[in-house]
Amino acid sequence: MNSLISKTLISSIPLRSSTRLSLTPNSLRRFRASLTPLHMSSDSSQRVFQLKLDPLTGNSEWVVIEDNDELPECSKEPLLATTSYLDMLNDSYRNKAFRLAIEKTVTKPCHVLDIGAGTGLLSMMAARAMGLNGMVTACESYLPMAKLMRKVLHRNGMGKAINLINKRSDELEVGVDIPSRADVLVSEILDSELLGEGLIPTLQHAHDNLLVENPLTVPYRAVTYGQLVECTSLWKLIDLYGNEAKAQDGIHLVPTGLDTIIHVKSQQYPMHCDVIREEIKLLSEPFKIFEFDFWKRPNSHGEIEVQIKAIDDGSIHAVVSWWVLQLDHEGTIFYSTAPRWINSPANIGHRNWCDHWKQCVWFFEGKGVSMSKGEEVLLEASHTETNVSYNLHEEVCETDIRQHDYSIGDFQLLLSPEKIAAYGDSRWRLSMLTAVRNALQGRVNPLCVVADDSIFLTLLAANLSENSHVISLFPGLRDNGALYLEKVAKANGFSMDRVEVPEKRKACLTMHDTHGKKVDILVGEPYYHGNEGMLPWQNLRFWKERTLLDPVLSEDTLIMPCKGILKACAMSLPDLWWSRCCLGEVEGFDHSVVNTTLGACGELPAPKEGPCLPFFLWQCGEIKELSEIFTVLEFDCSKPISSCYGKAQVQFTEHGICHGFVLWMDWVMAVDNSIVISTGPDHRYWKQGVKLLTKPVAVGIHGSKSTSEFGSTIIEAFFDPESSELIIKHAFS
């Protein structure tokens, strides 16, 4: 359960990190856990320092990976099994398109350069196309991936045909690393936004230093497109001010005049938009935005204005964007990330479901921009080296102008779209308000500690009791959380002399920190800023921190949540399972050696199993529940953290193919179980954990006479707080 995240270590030794993975903060498609390693070289070997994070404590330690050693067992799964490489290599439409384009482009012996080579698939395609007579240079800077690529090359007899260099492409030098400039560039360093993995600076350096004049390239060109949409579910992800106005609970996360104080980061957000097609009203035809030619040096910045006519009445909440890749010079081989409602030409077609490339959504602030059918609006689009942004020019009615308090300056508390939507959800807010109000009832001068990063619970505790004193630990928000409270305190009916945020992060509080008073109420959602992408049970960090705070808790301290419940449901998940199934031959090249390292489903050597991975289940393609929701394990947060074991037998309620189990946490906020906050699949604002089966299993309704279907399964789970591991096992019967 320990994960590895990026960290920079200052050293006089040259640093080498992956062009594909760490050139920009947005280049995270391959690495869900933001893996940006530090490479160090010496005369004898190369090593990578990877940071291992314990999600239950927030503490971390360095793991050293030597070039001449196998990956340490503790890091194998987090390093590569949580990436999207497997999903990408299972994208047969992508693989075929690149193979056809490379075979069409590389027709004679030449020098081919592959930047961000991964497993070496494109390099091997190029070497095969030349009959192993030319020269292929494969550049892969991430050491664990380069080591895996060596295995793939060896398995396919390509070890001598391809020169693998474990460096960033912008560190390569002609005459030092490669003998001459390359005639052909084959590369796939694209994310859902197109630019986020550093496409532009990589191409600029390659054209300036590594490629001949007028080189051949695969891909040849990429074009981005967009469409204006109205969608209430998308609007909820951005406009907290408008959404919380409906709650009418007296709490103002975004007070009038401070409507920009909480915001999402201004960027495009990858999202499978087909799943919300019925919720989307299209307000324009698709329009072309930017065109990028791989065969020539791109500009770092670009701007364009597009005049767009509305095709329906509505409010513009977002731009949905995608890109079309032209892989060959003649324009006969394409790949598109367009949503399925786009009528693509026959030679583009629609790909199968995959998770490594999605559409992107750019949110417009506030209530959106109203348009009438036939009306025109001017859209400004601009791009930097790593991202694309949009701006609408329209006339705004006086009634739509919100008063702005300039005293907040440029301060904004940046939260994820899902967190903003949860904070604006009336039912969620009412549950939290009821729980805190009940907890405060009858208490005189209570001391309340907010153990996590919940600004909402902090405002509740301060607002609902005039005599309360609140200490918010804010382990992730830190100073930004404190500054935010100062800005909104007056609007929420309290002064900052009743609320404090410790200046330094502490593992635990002392009686000195609590001013000699024992804690009456300990609360958390739980929510840890910056950890939204982790598995749901990793929020048991609250339980760990509750244990560390034990010395300052009173005998009757009320703890919320008082209990965490691990829930599960057996499901059919064909799209997700096939995107992560074992690899055999990929366009004629054996990739079976990568399966264990990449955490594939299928024929893995015993006792290997694929990892639990976090997903927004509603984004996972075709899904079907096959059982009732059942409890796997309970965690009693009223007591110090301890190991836990749970076992449940679940009977199937539907016929179908079971691909795995979906798991999530329900948080019990009241001791009488009357208030429960669920993070299950019915709620879009939280990720669930998905445990895919090694092999899909046919299941049927318990008691049916079919001999080819299993009627039930037993699930066992063991939680070890020392290792932070949650081990899940199953047996069908």
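Residues numbered from 1 in each chain as written. Predicted model: local features only at pLDDT ≥ 70, side-chain atom pairs only at ≥ 80, totals over all residues. Heavy atoms only, no water.

Observations regarding the overall build of the protein
- Per the secondary structure count, the protein includes 15 helices and 40 strands.
- A buried classification covers 58% of the 733 residues belonging to the protein.
- Contacts spanning at least 24 positions in sequence make up 77% of the contacts within the protein whose residues lie at least 6 apart.
- Of the roughly 29,800 Å² of accessible surface on the protein, 48% is carried by carbon and sulfur atoms. (Helix = DSSP H or I, 4+ residues; strand = E, 2+ residues; numbered from the N terminus. Buried < 20%, exposed > 50% of the residue type's maximum accessible area, 1.4 Å probe, protein only. Contact = heavy atoms within 4.5 Å. Areas by Shrake-Rupley, 256 points an atom, 1.4 Å probe, with all protein chains shown as cover.)

Focus on the packing of helix α12 (residues 455-464) against helix α13 (residues 479-488)
- The interhelical angle for the contact between α12 and α13, taken along N-to-C directions, is 45°, at an axis separation of 11 Å. Looking at the two axes, α12 sits oblique to α13. Of the two elements, α12 crosses α13, and the hand of that crossing is right-handed. Each of Ile455, Thr458 and Leu459 in α12 lies in contact with α13, whose residues at this interface are Tyr484, Leu485 and Val488.
- Among the residues forming the contact of α12 with α13, the class breakdown is five nonpolar, one polar and no charged. (Axes fitted to C-alpha atoms, helices over the stretch in contact; angles between N-to-C directions. Parallel < 35°, antiparallel > 145°, perpendicular 65-115°, else oblique. Left-handed = near helix turned anticlockwise from the far one by under 90°. Nonpolar A, V, L, I, M, F, W, Y, C, P; charged D, E, K, R; others polar.)

Considering the environment of Asn539
- Following the sequence through the fold, Asn539 ends up in the loop between β27 (519-523) and α14 (541-548).
- Considering only alpha carbons, one finds Asn539 and Leu56, 483 residues apart in sequence, at a separation of 7.2 Å.
- Contacts of Asn539, omitting those with residues within four sequence positions, involve Pro526, Tyr528 and Trp667.

As for the packing of aromatic side chains
- Taken as a whole and judged by the stated rule, the model has 20 aromatic pairs.
- Between Trp323 and Trp357, the ring centres sit 4.9 Å apart and the planes meet at 80°, which makes this aromatic pair edge-to-face. Taken together, the residues span a long stretch of sequence, with Trp323 in strand β17 (residues 318-326) and Trp357 in the loop between β18 (334-336) and β19 (359-363) at a distance of 34 residues.
- Consider the rings of Phe661 and Phe732, whose centres lie 6.2 Å apart with planes at 25°: the pair is stacked. Here the residue Phe661 occupies a position in strand β36 (residues 656-668), and Phe732 occupies one in strand β40 (residues 725-732), the gap between them amounting to 71 residues. Of the two residues, Phe661 and Phe732, both sit in the buried class.
- A cation sits over an aromatic face here: Arg277 above Trp341, 5.3 Å from the ring centre.
- Sitting above the plane of the Tyr423 ring, Lys419 keeps its charged end 4.6 Å from the centroid. (Phe/Tyr/Trp six-rings, centres within 6.5 Å; stacked < 30°, edge-to-face > 60°. Lys NZ or Arg CZ within 6 Å of the ring centre and 35° of its normal.)

Here's the deal with empty space enclosed by the protein
- Applying the stated criterion across every chain yields a total of five cavities of 30 Å³ or more.
- Of the voids in this model, the second largest cavity is the one considered here, and its volume is about 50 Å³.
- As for the second largest cavity, its lining consists of Ser192, Glu193, Leu194, Thr224, Gln268, Ser321, Trp322, Trp323, Cys360, Val388 and Tyr390.
- For the lining of the second largest cavity, the element with the most residues is β17, which contributes three residues. (1 Å grid on protein atoms, 1.4 Å probe; cavity = no way out; pocket = protein on both sides within 12 Å on 5 of 7 lines; lining within 4 Å. Points joined across faces, edges and corners; volume = space filled by probe spheres on them.)

Some details on the pattern of salt bridges
- Within the structure shown, the criterion is met by 24 salt bridges.
- One salt bridge in this structure joins Arg221 and Glu291, with 3.3 Å as the shortest N-O distance. Of the two residues, Arg221 sits in strand β10 (residues 221-230) while Glu291 sits in strand β14 (residues 287-293), which places them 70 residues apart along the sequence.
- Residue Lys563 pairs with Glu634 through a salt bridge whose shortest N-O separation is 3.7 Å. Pair noted here: Lys563 is in strand β29 (residues 563-572) and Glu634 is in strand β34 (residues 630-636), with a separation of 71 residues, a long-range link. (Salt bridge = Lys/Arg side-chain N within 4 Å of Asp/Glu carboxyl O.)

Description of the side chain of Thr217
- Within the secondary structure, Thr217 sits in strand β9 (residues 211-218).
- There is a polar contact of 2.9 Å between the side chain of Thr217 and the backbone oxygen of Pro219.
- Setting aside its immediate chain neighbours within four residues, Thr217 contacts Leu185, Phe294, Trp295 and Leu327. (Polar contact = N/O pair within 3.5 Å; in protein donor to acceptor, adjacent residues only side chain to side chain.)

Here we look at the sheet that holds strand β21 (residues 376-383)
- Pairing is antiparallel across the open sheet formed by three strands, whose spatial order is β15-β21-β22. Either end of the sheet is taken by a strand with one partner, and the two such strands are β15 (302-309) and β22 (388-393). Averaged over all pairs of adjacent strands, the angle between strand axes in this sheet comes to 25°, irrespective of strand direction.
- With six bridges connecting them, β21 and β22 associate as antiparallel partners. By the bridge assignment for β22, His383 is matched with Val388. (Pairing = 2+ DSSP bridges.)

A word on helix α5 (residues 121-129)
- For α5, a buried count of seven out of nine residues is recorded, marking the element as mostly surrounded by other parts of the structure.
- Within the span of α5, buried status applies to Leu121, Leu122, Ser123, Met124, Met125, Ala126 and Ala127.
- Just past α5, the residue Gly131 takes up positive phi, approximately 65°.

Quick look at unusual backbone geometry
- Here the residue pair Val218 and Pro219 is connected by a cis peptide bond, since its omega of 10° sits within 30 degrees of zero.
- The topology assignment puts Pro219 in the loop between β9 and β10.
- Cis rather than trans, the peptide bond between Glu525 and Pro526 has omega equal to -5°.
- Counting through the fold element by element, Pro526 comes out in the loop between β27 and α14.
- Unusually for a residue other than glycine, Asn445 sits at a positive phi of about 50°.
- Turning to its location among the elements, Asn445 is positioned in the loop between α11 (426-440) and β24 (447-450).

Description of the nonpolar core
- Counting residues in hydrophobic clusters, the biggest one holds 121 residues, and the most contacted among them are Leu234, Leu253, Ile262, Ile455, Tyr484 and Phe719.
- With 90 residues, the next largest nonpolar core counts Met125, Leu194, Tyr335 and Val377 among its residues. (Core = buried A, V, L, I, M, F, W, Y, C linked by side-chain atoms within 4.5 Å.)

As for a nonpolar patch on the surface
- Where nonpolar side chains cluster on the molecular surface, the patch consists of Tyr645, Phe718 and Ile727 and spans about 290 Å² of accessible area.
- For Ile727, a relative accessible area of 41% corresponds to the partly exposed category. (Patch = residues over 30% accessible without salt bridge, like charges linked within 9 Å, V, L, I, M, F, W, Y side chains within 5 Å.)

Some remarks on the confidence of the model for the protein
- For the protein, the average pLDDT comes to 88, and 86% of its residues sit at 70 or higher.
- Note that pLDDT drops below 50 for residues 71-78; the model gives that stretch 22 contacts with residues more than four away or on any other chain. (pLDDT = per-residue confidence, 0-100.)

Re the sheet that holds β40
- What the three strands build is an open sheet, ordered β35-β39-β40; its pairing is antiparallel. The outermost strands of the open sheet, each flanked by one partner alone, are β35 (644-651) and β40. Adjacent strand axes in the sheet meet at a mean angle of 15° when their direction is disregarded.
- Judged from the eight bridges that link them, β35 and strand β39 (residues 712-720) form a sheet pairing that is antiparallel. In the strand pairing of β39, Gln649 is matched with Ile714.

Description of α14
- With respect to burial, α14 is a largely interior element, six of its eight residues being buried.
- Within the sequence span of α14, burial applies to Arg541, Phe542, Trp543, Lys544, Glu545 and Arg546.
- Close packing links the buried residues of α14 with β27, β28 (553-560), β34, β35 and β39.

Describing the side chain of Gln688
- Within the element layout of this structure, Gln688 appears in strand β38 (residues 688-699).
- At 3.1 Å, the side chain of Gln688 and the backbone nitrogen of Leu617 are in polar contact.
- Within the local environment of Gln688, its side chain forms a polar contact with the backbone oxygen of Thr679, the two atoms lying 2.9 Å apart.

A few points about the environment of Val593
- Within the element layout of this structure, Val593 appears in the loop between β31 (589-590) and β32 (613-615).
- Counting along the chain gives 441 residues from Val593 to Val152, while the straight-line C-alpha distance between them is 6.5 Å.
- Other than its neighbours up to four places away in sequence, Val593 contacts Leu148, Lys151, Val152 and Arg155.

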